[in-house]
Amino acid sequence: MQSVNQVLKIYNSISGKKETFNTVTKDNVGMYVCGPTVYSNVHLGNLRTFTSFDVIYRYLNHIGYKVRYVRNITDVGHLENDEDVGEDRISKKARVENLEPMEVVQKYTYDFHETARKFNLSPPNIEPTATGHISDQIKLIEKIIDKEMAYIVNGSVYFDVLKYSKSNNYGILSKRNLDDLIHNSRSLEGKSDKKNPQDFALWKKAQPKHIMKWNSPWGNGFPGWHIECTAMSNKYLGDIFDIHGGGIDLKFPHHECEIAQSNVCFGTNAANYWVHANMLTLNGQKMSKSTDNNILPDEIFVKGSPLLSKTFSESCVKFFMLQAHYRSVLDLSNDALLAAEKGYNKLMDAINILEGLKDFSENSDFNIMEWIKNCYKAMNDDFNTPILIANLFDAVKFINKVNQEKASISKKDWEVLLSSINSFVFKVMGLQKSKLTNNDNSKINDVLDILLELRDDARKNKNYELSDRIRDMLKNKGISINDSNKDSSFIID
Ligand code: AMP
Ligand code: ZN
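Note that the coordinates shown come from a computational prediction; the quantities given were computed from them, not determined experimentally. (Residues numbered from 1 in each chain as written. Chains lettered and ligands numbered in written order. Predicted model: local features only at pLDDT ≥ 70, side-chain atom pairs only at ≥ 80, totals over all residues. Heavy atoms only, no water.)

1. Some details on the coordination of the zinc ion (ligand 2)
Ideal donor angles around a metal are set by the shape: a four-donor tetrahedron calls for 109.5 degrees, a six-donor octahedron for 90 or 180 degrees.
At step 1: Of the protein atoms, only C34 (SG), C229 (SG) and H254 (NE2) coordinate the zinc ion (ligand 2), at distances of 2.0 to 2.2 Å.
At step 2: All donors of the zinc ion (ligand 2) come from a single chain, and their spacing in sequence reads C-x194-C-x24-H. Placement of the pair is C34 in the loop between strand 3 (28-33) and helix 1 (44-62) and H254 in helix 8 (residues 251-266), with a sequence separation of 220 residues.
At step 3: Exposure remark for H254: the relative accessible area of 1% places this residue in the buried category. (Donors = N, O, S within 2.8 Å, 3.2 Å for Na, K, Ca; no water. Helix = DSSP H or I, 4+ residues; strand = E, 2+ residues; numbered from the N terminus. Buried < 20%, exposed > 50% of the residue type's maximum accessible area, 1.4 Å probe, protein only.)

Dropping the structure here:
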């Protein structure tokens, strides 16, 4: 691999340590990431997790691995709560909105793809859906029953956690202790067919009014959420593959149960490296679809939100995310986004300056090779993007000095620096170049602010003819005025 002879280390949630990355097949990586449950729009928290894995995927490609990246679409089986009770999230949405489940799935899969494209996330190599793999899931469930690690009750099939844990370590990933789990489990009080509350569903019998159901050896029903990922990751990546990822909230029960299923079916933990991205919070609370504590991408990029003073570009939001390590919690706030925007613009300005440099010297006042080594060192240390960004800012400082004729650079170093910065910023981090420089941006913003103030004055003086004219003329140029906040703001198409 071309990462300047350094070793790549990845934090493995199973060992709780950074481990040297060795792949199952030389020069190849198999990576599975749990995808979205498509029952509502993706929020910025989901995007943070997908961005974290996008950067991992991009970096592995960059250093020369051939990566097969599989990210599924969960379109059935994810119930409202983790204890195998409640309605299927997609069925519920279909019922509430009077839609076909497939309409719900189509709508939000499309939304996810659109948002991922705007956010410049690389598409996975394979994007399987749970409903497209029902027979694979049924086969695995039969295998688990054959191995006597599951039992059938009244048309449903449950994984027997107590039995499994007699010869396996249930809790290997989440470090939860089975005795504690048993102790803390709520009593089922006849509400479930499970033998023990910690058992989990592999197949659930469908009630007559249930819309999404399939035929199976156990009658009409639908698969449990955990078995879908085991079936799809195994089908496309094999009995043991390299990386299994998802948000940290999936560690338990989802990933713990996947590991248990995989041990019964294939005698492996499915993946050698279990990688978890930490949460994006809002007001200190996890951003979540189900609690409404979230910001939708559209609100941040286009429409505006009461929580924000303005809109922010996709790259600026991505830059904000990558300033934190993927394993740290990150809180979203207007101030943090404003600070990230400043940093992002500064970086883009420096890249523009670097591209335009024409005066070179014999030597450089910057050790480019050492700098490149440090950039790789950051990424090889469990994909440490904040340290990479700190290194990029060392280069920004140098570029600005050269621009002010306080430092010099040779033609050869210039070529190397330019191509390395481009690689790290655009290829590895997946940022996109803003069309305007910081200077242009801030001047345009100043002019727009003046126009807004004049329009607000006109409205206050009830001169609606003038205020509407300003609004319409700007609209003709692709700039809308958002009057939904206390103070008006712009939306630039
Ligand atoms: P879901 O659509 O709820 O199944 O989630 C899709 C992915 O987004 C999963 O990997 C989750 O762990 C992740 N996720 C959900 N909420 C957040 C959040 N607030 N911050 C970061 N990742 C999240
Ligand atoms: Zn999954």
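After that view, the rundown keeps rolling.
2. With respect to the sheet that holds strand 3
Whether parallel or antiparallel, the strands of a sheet pair through hydrogen bonds between backbone atoms.
At step 1: Spatially, the four strands line up as an open sheet ordered 4-3-9-10, and their pairing is parallel. Of all strands in the sheet, those bounded by a partner on one side alone are strand 4 (66-71) and strand 10 (271-277). Between one strand axis and the next, the sheet turns through 20° on average, direction left out of account.
At step 2: Sitting on the sheet, helix 7 (residues 225-237) is in contact with strand 3, strand 4 and strand 9 (241-247), with an inclination near 160° to strand 3. (Pairing = 2+ DSSP bridges. Axes fitted to C-alpha atoms, helices over the stretch in contact; angles between N-to-C directions. Contact = heavy atoms within 4.5 Å.)

3. Observations regarding the pairing of strand 5 (residues 150-153)
At step 1: In this structure, strand 5 lies alongside strand 6 (residues 156-159), joined through four bridges in antiparallel fashion. When the sheet's bridge partners are listed, Y151 is paired in strand 6 with Y158.

4. Notes on the domain arrangement of the protein
At step 1: Once the domains are mapped, the protein shows domain 1 (22-277), domain 2 (281-428) and domain 3 (440-492).
At step 2: Distance from the C-alpha centre of domain 1 to the C-alpha centre of domain 2: 34 Å.
At step 3: Contacts between the two partners involve 29 residues from domain 1 and, on the opposite side, 34 residues from domain 2.
At step 4: Between domain 1 and domain 2 lies a buried interface of about 2700 Å² when both sides are counted; carbon and sulfur atoms form 65% of it.
At step 5: Contact with domain 2 buries surface across domain 1, with L44, R48 and Y59 losing the most and accounting together for 28% of the total. (Domains from an automatic or database assignment. Buried area = accessible area lost by both parts, 1.4 Å probe.)

5. Describing the site of ligand 1
At step 1: The environment of ligand 1 is made up of 20 residues, and the closest members are T49, D249, L280, M287 and K289.
At step 2: Contact distances for ligand 1 include 3.0 Å between a nitrogen atom and a backbone N or O atom of G45.
At step 3: In this structure, an oxygen atom belonging to ligand 1 sits 3.0 Å away from a main-chain N or O atom of G247.
At step 4: Across the complex, the protein chains shield 95% of the 490 Å² of accessible surface that ligand 1 would expose by itself.
At step 5: When contributions to the shell around ligand 1 are tallied by element, the ones reaching two or more residues are helix 1 and strand 9.
At step 6: Per-element tally for the shell around ligand 1: the top contributor is helix 1, with four residues. (Near = heavy atom within 4 Å. Polar contact = N/O pair within 3.5 Å; in protein donor to acceptor, adjacent residues only side chain to side chain. Areas by Shrake-Rupley, 256 points an atom, 1.4 Å probe, with all protein chains shown as cover.)

6. Quick notes on the environment of I300
At step 1: Within the fold, I300 resides in helix 9 (residues 297-303).
At step 2: C-alpha of I300 to C-alpha of T311: the two residues are eleven residues apart in sequence and 5.2 Å apart in space.
At step 3: Aside from chain neighbours lying at most four places away, what touches I300 is L44, I295, L308, T311, F312, V317, L332 and L337.

7. Comments concerning a negative patch on the surface
At step 1: On the surface, a cluster of negative charge is contributed by D446, D449, E453 and D457.
At step 2: Of note, D446 is situated in helix 15 (residues 438-460).
At step 3: For D446, a relative accessible area of 47% corresponds to the partly exposed category. (Patch = residues over 30% accessible without salt bridge, like charges linked within 9 Å, V, L, I, M, F, W, Y side chains within 5 Å. Salt bridge = Lys/Arg side-chain N within 4 Å of Asp/Glu carboxyl O. Lys, Arg positive; Asp, Glu negative; His and termini not counted. Charge placed at Lys NZ, Arg CZ, Asp CG, Glu CD.)

8. Observations concerning helix 1
At step 1: With 19 residues, helix 1 ought to run about 27 Å at 1.5 Å a step, and its terminal C-alpha atoms sit 26 Å apart, in line with that.
At step 2: Counting buried positions along helix 1 gives 18 out of 19 residues, so the element sits mostly inside the fold.
At step 3: Positive backbone phi, at 105°, marks G64, one or two positions downstream of helix 1. (Expected span 1.5 Å × (residues − 1).)

9. Side note on the packing of aromatic side chains
At step 1: Enumeration over the complete set of coordinates arrives at 20 aromatic pairs.
At step 2: Ring centres of Y59 and F383 lie 6.2 Å apart, and the angle between their planes is 85°; this geometry places the pair in the edge-to-face category. Taken together, the residues span a long stretch of sequence, with Y59 in helix 1 and F383 in the loop between helix 12 (368-380) and helix 13 (385-403) at a distance of 324 residues. With respect to class, Y59 is no different from F383; both count as buried.
At step 3: With a centroid separation of 4.7 Å and an interplanar angle of 10°, the aromatic rings of F159 and F200 are classed as stacked. (Phe/Tyr/Trp six-rings, centres within 6.5 Å; stacked < 30°, edge-to-face > 60°.)

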